[in-house]
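The residues making up each chain are set out below.
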Amino acid sequence: MMENNMTKSDRAINFIIGFVLLILAIICVYPMIYVIFASFSSPLPLTQHTGLLFHPLEPTIKGYEVALRYNNIWSGYRNTVFVVACGTAINMFVTILAAYTLSRKELYLRKALNLFCLFTMFFSGGLIPTFLVVKNIGLIDNIFALILPVAVNTWNLIILRTAMKGLPKSLEESARIDGASDISVLFFIIIPVIKATLAVLTLYYLVSHWNSWFNAMLYLKDREKFPLQLILREILISNTSNAASSASASMEGIDRYKTLVKYCTTVIATLPILFIYPFLQKYFVKGVLIGSVKG
């Protein structure tokens, strides 16, 4: 009924908006499609090809066979899964407790503590002081150096605190009348109501851990502890096969398949996190808006 009442100018505007969004979608999606097609192509035609790629060139899975023989791929996966699982759990636990505490109006020096947390968003200790702190607490070459120094993200903390502050006071008051403690109020009253916000923040932390490589480069020395993204970085920026060959003596033909392995490793490292997005996508807008209505 509404479409019948639209004027020609409205239809023209909708068409233009739809066309622009379609072009933007293609621009965003095509690089990923290119990498997938390239990963299934033969190395020689791929290196000789220029311009856009719309299908695999002489399709083959040899690149994946070579990449999966690279031992550090598997150790990197294992380390990344551990960091993502353990790190995200710690992130959410600490963030929930801190957000609940800062959302209490009866908290002594609440405004000062909130300002202190906000201050850390704009000013940090810097790279060298942070490295010295990590070193002095004994986390150098320890995989927990990728987890503990980033246990709380201030932006996520503020979003969750605001979501908790925006809940009706009647929810908490009715629970208090029944004798509920702070722990009961938090875990049985507040958390079930703001699960959309929690889902979004969980995804933020998860993606952050999955994509992280810089801290690993700074704090880890043992290659067996390297996360997947640091292994991927080595493969992508290496000009020779020496780094990969020294890490996996059983790897054959990497010189010939070097370009192909880069694409295959990118797909291997990216696909798992892409599969998670569809399950949490419905929470994005709702979750973030809940945490941004009030300051």
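Residues numbered from 1 in each chain as written. Predicted model: local features only at pLDDT ≥ 70, side-chain atom pairs only at ≥ 80, totals over all residues. Heavy atoms only, no water.

**Quick notes on helix α12 (residues 228–237)**
An α-helix turns once per 3.6 residues; consequently, residues spaced three or four apart project the same way. For α12, the tally of buried residues reaches 7 of 10 residues, placing the bulk of the element in the interior. By the burial criterion, the buried members of α12 are L228, Q229, L230, I231, L232, E234 and I235. (Buried < 20%, exposed > 50% of the residue type's maximum accessible area, 1.4 Å probe, protein only. Helix = DSSP H or I, 4+ residues; strand = E, 2+ residues; numbered from the N terminus.)

**A few points about the side chain of N156**
Structurally, N156 can be placed in helix α7 (residues 154–165). Using a relative accessible area of 5% as the deciding quantity, one classes N156 as buried. Excluding its chain neighbours within four sequence positions, the residues that come into contact with N156 are T95, L201, Y204 and Y205. (Contact = heavy atoms within 4.5 Å.)

**Here we look at the packing of helix α4 (residues 71–102) against helix α10 (residues 195–211)**
Direction vectors running N to C along α4 and α10 enclose 140°, while the axes themselves pass 9 Å from each other. Taken together, the axis directions place α4 and α10 in an arrangement best described as oblique. With respect to the hand of their crossing, α4 and α10 are arranged in right-handed fashion. Along the contact surface, α4 presents Y77, T80, V83, V84, G87, T88, N91, M92, T95 and I96, while α10 presents L198, L201, T202, Y205, L206, H209 and W210. Among the residues forming the contact of α4 with α10, the class breakdown is 10 nonpolar, 7 polar and no charged. (Axes fitted to C-alpha atoms, helices over the stretch in contact; angles between N-to-C directions. Parallel < 35°, antiparallel > 145°, perpendicular 65-115°, else oblique. Left-handed = near helix turned anticlockwise from the far one by under 90°. Nonpolar A, V, L, I, M, F, W, Y, C, P; charged D, E, K, R; others polar.)

**Things to note about empty space enclosed by the protein**
On inspection of all chains with the given rule, the structure shows 2 cavities of 30 Å³ or more. Its volume calculated, the second largest cavity comes out at about 60 Å³. Lining the second largest cavity we find T80, V83, L146, H209, S212 and P227. (1 Å grid on protein atoms, 1.4 Å probe; cavity = no way out; pocket = protein on both sides within 12 Å on 5 of 7 lines; lining within 4 Å. Points joined across faces, edges and corners; volume = space filled by probe spheres on them.)

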